[in-house]
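# Structural characterization, general
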Amino acid sequence: MKQNVKFISTAFCMFVWAISLFAQTNYYTATKAFNENGYTYQCDVTASRSVTLYNKNNKWVYAKQVYKNTDTIFIMPEAGVDLWEDDNWTRAKRFEIVNNAFSASEKQRVKGRDFVISMYINPETGKVDEVDFSFVNFNSYATIPISVYRKIEVELKKSVWFTHHRR
């Protein structure tokens, strides 16, 4: 009798857990535009199920990066490039913005998983001009609504800037 009760309670718990997994909406299953409250985001999904999510007004997402003076293509060296001053506050500010954008339940869903935020920096002002997000559409970031990504974009543009490293 004890084993039956234990089996039934374990099965019930697994059933509830499975339902909660499938209850999360995957917003980014196909390439499409999202028209929200005064803004439009584009979601591009590749055959490998990689997602690029960005504000439809962005113009740099797929543009080749080139040096302004020579028009040659910029390729990031493996060791990185020393273009900006020591990052004594921007890194912490970026993490704070992202952490504050997610609700407690969203933080639990994405815990331990990575996604990429690309920031396009204006070379004249050091301000963030554009932002895009990359993740695969079969992980928990695909369950995060557009409004959260919008909040991150707006805050990064408002609160983060870089200054040129002078030697």
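Before going into details, it helps to say that this report is about the structure given with it. Given the structure is predicted, the values throughout are model-derived calculations rather than measurements.

As a further point, take the packing of aromatic side chains. In this structure the tally under the stated criterion is 14 aromatic pairs. With 6.0 Å between their ring centres and 85° between their planes, Y54 and Y62 make a pair best called edge-to-face. By relative accessible area, Y62 is classed as exposed at 57%. Ring geometry for F135 versus Y141: centroids 6.5 Å apart, planes at 40°, classification tilted. In this pair, the class of F135 matches that of Y141, namely buried. Each residue in the set Y27, Y28, F34, F102, F115, F133, F135, Y141 and Y149 is aromatic and connected to the rest through ring pairs, giving one cluster.

Now for the nonpolar core. Judged by nonpolar contacts, the single largest core of 28 residues is most densely connected at Y28, L53, F133, F135, Y149 and I152. Secondary structure elements with two or more residues in this core: β2 (40–45), β3 (50–55), α2 (90–101), β5 (128–136) and α4 (146–159). Considering every element that reaches this core, the biggest residue donor is α4, with 5 residues.

Let us now look at unusual backbone geometry. With phi around 70°, R49 is a residue other than glycine that occupies positive phi space. Position of R49 among the secondary structure elements: in the loop between β2 and β3. Backbone geometry at D71 places phi at a positive 65°, although glycine is not the residue there. Of note, D71 is situated in the loop between β3 and α2. Relative accessible area serves as the criterion here: at 59%, D71 is assigned to the exposed category.

Between its terminal C-alpha atoms α2 stretches 17 Å, which fits the 16 Å expected from 12 residues at 1.5 Å a residue. Considered for burial, the residues of α2 that qualify are T90, R94, I97, V98 and A101. On an axial view of α2, the arc spanned by its buried residues comes to 90°, and they lie on one face. Exposed residues pointing more than 90 degrees away from the buried face of α2 are listed as A92 and N100. Those residues of α2 that are buried lie in contact with α3 (104–110), β4 (116–121) and α4.

Let us look at the side chain of N58. Residue placement: N58 occurs in the loop between β3 and α2. Polar contacts involving the side chain of N58 include one to the main-chain carbonyl oxygen of V131, which spans 3.0 Å. If we ignore the near neighbours within four places in the chain, the residues touching N58 are E130, V131 and E153.

Reading the values: rules and limits
- Residues numbered from 1 in each chain as written.
- Predicted model: local features only at pLDDT ≥ 70, side-chain atom pairs only at ≥ 80, totals over all residues.
- Heavy atoms only, no water.
- Phe/Tyr/Trp six-rings, centres within 6.5 Å; stacked < 30°, edge-to-face > 60°.
- Buried < 20%, exposed > 50% of the residue type's maximum accessible area, 1.4 Å probe, protein only.
- Core = buried A, V, L, I, M, F, W, Y, C linked by side-chain atoms within 4.5 Å.
- Helix = DSSP H or I, 4+ residues; strand = E, 2+ residues; numbered from the N terminus.
- Expected span 1.5 Å × (residues − 1).
- Arc of directions from axis to C-beta.
- Contact = heavy atoms within 4.5 Å.
- Polar contact = N/O pair within 3.5 Å; in protein donor to acceptor, adjacent residues only side chain to side chain.

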